[in-house]
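One letter stands for each residue in the lines below.
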Amino acid sequence: MDTTKTPAQNAPESDSKESAEATATATTATDAEVSDIADVVGAPDGELDEESDAFLDQDVEDRPTGVFAAAAAIAGAGLSLVALSGTWVARVITERQGLIGQIDSVNATSTEQKIQALYSDGWHMTALVNGVFSTIALLIGMFVLVGPSFGAPGRVNPQWVKAASWVAVALGVIGVLIFGLMYFDVLFPLPKAAPAA
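Source: prediction; values computed, not measured. Here the residue numbers are simple positions, counted from 1 along each chain's written sequence. Given that the model is predicted, a residue must reach a pLDDT of at least 70 before its local features are reported, and side-chain atom pairs must reach 80 or more before they are shown or counted; all residues, however, enter totals for whole chains, interfaces and linings. Side-chain figures throughout are based on the complete set of non-hydrogen atoms in the structure, without hydrogens or water.

Colleague: Could you clarify how one ought to interpret the packing of aromatic side chains in this entry?
Modeller: Each pair of aromatic rings is reported with the distance of its centres and the angle of its planes. Note on aromatic contacts: the rings of Phe and Tyr and the six-membered ring of Trp form a pair at centre separations within 6.5 Å, being stacked when their planes are under 30 degrees apart, edge-to-face when over 60 apart, and tilted otherwise. Tallied over the full model, the rule gives 3 aromatic pairs. Seen from their ring centres, F68 and F143 are 6.4 Å apart, and the 85 degrees between their planes marks the pair as edge-to-face. In this pair, F68 sits in helix 3 (residues 67–85) while F143 sits in helix 5 (residues 111–146), placing the two residues 75 residues apart along the sequence. Aromatic side chains Y119 and W123 sit 6.1 Å apart centroid to centroid with 35 degrees between the ring planes, which places their arrangement in the tilted category. Here Y119 pairs with W123, and both are found in helix 5, just 4 residues apart, close to one helical turn. By relative accessible area, which is 46% here, Y119 ends up partly exposed. Think of it this way: any DSSP run of H or I at least four residues long counts as a helix, any run of E at least two long counts as a strand, and we number them from the N terminus. We call a residue buried when its accessible area falls under 20% of the maximum for its residue type, exposed when it is over 50%, and partly exposed in between, using a 1.4 Å probe and counting protein chains only.

Colleague: Can you help me understand unusual backbone geometry in this one?
Modeller: Glycine aside, negative phi is the norm for most residues, and most peptide bonds take the trans geometry. Even without being glycine, D185 reaches a positive phi, approximately 55 degrees. Mapped onto the fold, D185 is located in the segment after helix 6 (159–183).

Colleague: Just checking my understanding: could you explain the pattern of salt bridges for this structure?
Modeller: A side chain of one charge can pair with a side chain of the opposite charge when the charged atoms of the two come close. Salt bridges are identified by distance alone: a Lys or Arg side-chain nitrogen within 4 Å of an Asp or Glu carboxyl oxygen. This structure, assessed with the given rule, holds 1 salt bridge. Among the ionic pairs, E95 bridges to R91, the shortest N-O distance being 3.4 Å. With E95 and R91 both in helix 4 (residues 88–105) and 4 residues apart, the pair spans about one turn of that helix.

Colleague: Explanation requested: the packing of helix 3 against helix 6 in the structure shown.
Modeller: When two helices pack together, their arrangement is given by the angle between their axes and by how far apart the axes lie. Running from amino to carboxyl end, helix 3 crosses helix 6 at an angle of 30 degrees, the nearest separation of the two axes being 8 Å. It follows from the interaxial angle that helix 3 and helix 6 lie roughly parallel. Considering the relative orientation of helix 3 and helix 6, their crossing is left-handed. Residues A69, A70, A73, I74, G76, A77, S80, L81, A83 and L84 of helix 3 form the contact with helix 6, whose participating residues are W160, V161, A164, S165, V167, A168, L171, G172, I174, G175, I178 and F179. Here the nonpolar group is Ala, Val, Leu, Ile, Met, Phe, Trp, Tyr, Cys and Pro; Asp, Glu, Lys and Arg are the charged ones; every other residue, Gly included, is treated as polar. Residues of the contact of helix 3 with helix 6, tallied by class, amount to 17 nonpolar, 5 polar and no charged. Angular values range over 0 to 180 degrees, each being the angle between N-to-C directions of two axes fitted as lines to C-alpha atoms, with helices fitted over their stretch in contact. Oblique is the label for any angle not covered by the other classes, which are roughly parallel (under 35 degrees), roughly antiparallel (over 145) and roughly perpendicular (65 to 115). The handedness criterion is simple: a crossing whose near helix is rotated anticlockwise from the far helix by less than a right angle is left-handed, and one whose near helix is rotated clockwise is right-handed. Contacts between residues were defined by any pair of non-hydrogen atoms, one from each residue, lying within 4.5 Å.

Colleague: How do you make sense of the packing of helix 3 against helix 5 when you look at a structure like this?
Modeller: For the pair helix 3 and helix 5, the least separation of the axes is 8 Å and the interaxial angle reads 155 degrees. When the axis of helix 3 is compared with that of helix 5, the two are roughly antiparallel. In this structure, the crossing between helix 3 and helix 5 has a hand that is left-handed. Side by side, helix 3 and helix 5 meet where F68, A69, A72, A73, G76, L79, S80 and A83 of the first sit next to N130, F133, S134, I136, A137, I140, F143 and V144 of the second. Grouping the constituent residues of the contact of helix 3 with helix 5 by class yields 12 nonpolar, 4 polar and no charged.

These figures come from the coordinates and say nothing about function on their own.
Right, here's the structure in full:
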């Protein structure tokens, strides 16, 4: 009985060897391509996958959202508007100062002193309180605008946050100027009483 294998029986073994060699060649080519990509990007072999995994594993909560900057910009813009229109705190302090002026006017010996006690001190307190609110709004707006310069590299605020910050800065400057001139009796000077006949 002849036990020698025919060429037809040896064919599957040769096919499997060729398939293994083709797979090895493809794997080598893939490794070479990965190496070329790593060289172009500038990262050493094997670090691309690690960096990608680290980025994907990073929690969304750890990434900067800019919520604080947005809230500060809105607060600054609102505060500057409130300061220009007059705050409730300024009104309460003015009424209190007016009551103190009524008490002090009893002992006033001249008309100028009565006007000073009844009206001028209250006006000055209104200008002072609203000027302080305008200054705070100005500082908040400036802080939001320059904040990204001291934060994470490449971080920028959205355009609407910048716009709200500029509103706070502009209205804050206007408020500081107006209330400063009012406080020093430049914009609205204190009326003079007519001389006694």
